[in-house]
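Structural characterization, general
Chain by chain, the residues run as shown.
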Amino acid sequence: MARFIALEGGEAAGKSTQAYLLAEHLGAVLTREPGGTPIGEGLRRLLLDPNLPAPVPRAEALLMLAARAEHVEKVIEPALARGKDVVCDRYSGSTLAYQGYGRGLEVADLERINDWATSGRAPDITVLIDVPPEVARSRRAGTGDRFEAEDDGFRRRVAKGFRELAAADPERWRTVDGTAGVEDVAAAVRMAVGR
C-alpha cells in the first residue's frame, strides 16, 4: 500500500536534502510545500519573496492552505491512487508550527481549516528533522527568503512547535536528530519510516 510521508523541520534543518534522498531510496514521488503545482509554485514565490510586503498572519496561513488544497488534489492523491509512495518536503506540520506557534494563530483553528483544505488527507508518517535553532543559524545558506529573515524568537517558537506536535502524536511522528552528517541522518530517516 502506498504511503504518504512528510518531512518537517525548521529552516536549514536539511529537510529538502533528506526528502530527496528518501524519495530516491523508496522510488517515491517527491514534492514540496508550498509548491508542487503551478499554482502552488506561484503562491510559494508570493509567500517567500522578501521584496514583497509580508501578508498578515491569517492571510499567510490561507495562502499556504490554498497551495496545499491544490497540491493534494493534483499531485498527492493521484500518486497515492496509482500506488506510488509520496515524500513531501513540508506539509501540515509546518503550518501548525510556523503560522500557529510562530505567528501566534490558534493551532486548533489551523487544524480545522487544514482538514477542510485537504479533505482530511494526513501523512501516514511525519519525520521531524530536529536541529536546534543555533545549529540551523550556522547552516543557513542566506537565500534570503522571508522565513529565513525571521528573528531567533520566531525560530525558537517554531522549533518548540514542531517538538510539541511530535510529542503529541508519537504514532504518526518520528523525530530524527538532524545534527549528524547527511548520510547518518538519511539512515535514521529510512529507519524511522521502516523501509
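Below or above, wherever it landed, is the structure these notes cover.

A word on the overall build of the protein. Looking only at helices and strands, one finds eight helices and five strands in the protein. Ordered by position from N to C terminus, the α and β elements of the protein give β-α-β-α-α-β-α-α-β-α-α-β-α. Whereas a compact globule of 195 residues would reach a radius of gyration of roughly 16 Å, the protein reaches 15 Å, a difference of no more than 12%. Projected onto the principal axes, the alpha-carbon positions of the protein cover approximately 40 × 35 × 30 Å. In the protein, buried positions account for 49% of the 195 residues. Put simply, 78% of the contacts in the protein that link residues at least 6 apart link residues at least 24 apart. Element-wise, carbon and sulfur atoms account for 53% of the exposed surface of the protein, whose accessible area totals about 9,400 Å².

With that settled, the discussion passes to the packing of helix 3 (residues 57-81) against helix 5 (residues 107-117). Each pair of packed helices can be summarised by the angle the axes make with each other and by the distance between the axes. Look at helix 3 against helix 5: their axes get within 9 Å of each other, and the N-to-C directions meet at 25 degrees. Put simply, helix 3 runs roughly parallel to helix 5. Where helix 3 crosses over helix 5, the two elements pack in a sense that is right-handed. Across the interface between the two elements, Ala61, Leu62, Leu65, Arg68 and Ala69 from helix 3 touch Leu110, Ile113, Asn114 and Ala117 from helix 5. Of the residues in the contact of helix 3 with helix 5, the class split is seven nonpolar, one polar and one charged.

This part is about the nonpolar core. Counting 18 residues, the largest nonpolar core has Leu7, Leu22, Val87, Val127, Ile129, Val176 and Val189 as its most contacted members. Those elements that place two or more of their residues in this core are strand 1 (4-8), helix 1 (15-26), strand 4 (125-130) and helix 8 (182-193). Apart from residues lying up to four places away in sequence, valine 87 is in contact with Ile5, Leu7, Ala19, Leu22, Ala23, Leu26, Ala28, Val29, Leu30 and Thr31. Residues Leu47, Leu48, Leu110 and Ala166 belong to the second largest nonpolar core, which totals 17 residues.

Let us look at the pattern of salt bridges. Opposite charge on two side chains makes pairing possible when the charged atoms of those side chains draw close. Evaluation of the coordinates by the stated rule reveals 11 salt bridges. For arginine 68, the salt bridge is made with glutamate 33, and the minimal N-O distance between the two is 2.6 Å. With arginine 68 in helix 3 and glutamate 33 in the loop between strand 2 (29-32) and helix 2 (38-48), this pair connects stretches of sequence that are 35 residues apart.

Here we come to the environment of proline 170. Its place among the elements puts proline 170 in the loop between helix 7 (152-168) and strand 5 (173-177). Overall, proline 170 belongs to the exposed group, its relative accessible area being 57%. Distance in space between the C-alpha atoms of proline 170 and isoleucine 125 is 9.8 Å, their sequence separation being 45 residues.

With that out of the way, let us pick up a nonpolar patch on the surface. Judged by side-chain polarity, Leu62, Ile113 and Trp116 come together as a nonpolar surface patch covering roughly 370 Å² of accessible area. Tracing the backbone shows leucine 62 in helix 3.

Okay, helix 7 next. When the terminal C-alpha atoms of helix 7 are compared, their 24 Å separation across 17 residues agrees well with the 24 Å that a helix rising 1.5 Å per residue should span. Along helix 7, the positions that sit buried rather than exposed are Gly153, Phe154, Arg155, Val158, Ala159, Gly161, Phe162, Leu165 and Ala166.

Moving on, we get to the sheet that holds strand 3 (residues 86-89). For sheets, the rule is that strands pair by backbone hydrogen bonds, running either parallel or antiparallel. The sheet built from five strands is open, its strands ordered 2-3-1-4-5 with parallel pairing. With one partner strand each, in any of the chains shown, strand 2 and strand 5 form the two edges of the open sheet. Going from strand to strand, the sheet's axes swing by 20 degrees on average, the running direction of each strand aside. Here four bridges tie strand 1 to strand 4, and the two strands are oriented parallel to one another. Of the residues in strand 4, the one forming a bridge with alanine 6 is threonine 126.

What counts, and at which threshold
Residues numbered from 1 in each chain as written. Predicted model: local features only at pLDDT ≥ 70, side-chain atom pairs only at ≥ 80, totals over all residues. Heavy atoms only, no water. Helix = DSSP H or I, 4+ residues; strand = E, 2+ residues; numbered from the N terminus. Rg over C-alpha atoms; globule rule 2.2 N^0.38 Å. Buried < 20%, exposed > 50% of the residue type's maximum accessible area, 1.4 Å probe, protein only. Contact = heavy atoms within 4.5 Å. Areas by Shrake-Rupley, 256 points an atom, 1.4 Å probe, with all protein chains shown as cover. Axes fitted to C-alpha atoms, helices over the stretch in contact; angles between N-to-C directions. Parallel < 35°, antiparallel > 145°, perpendicular 65-115°, else oblique. Left-handed = near helix turned anticlockwise from the far one by under 90°. Nonpolar A, V, L, I, M, F, W, Y, C, P; charged D, E, K, R; others polar. Core = buried A, V, L, I, M, F, W, Y, C linked by side-chain atoms within 4.5 Å. Salt bridge = Lys/Arg side-chain N within 4 Å of Asp/Glu carboxyl O. Patch = residues over 30% accessible without salt bridge, like charges linked within 9 Å, V, L, I, M, F, W, Y side chains within 5 Å. Expected span 1.5 Å × (residues − 1). Pairing = 2+ DSSP bridges.

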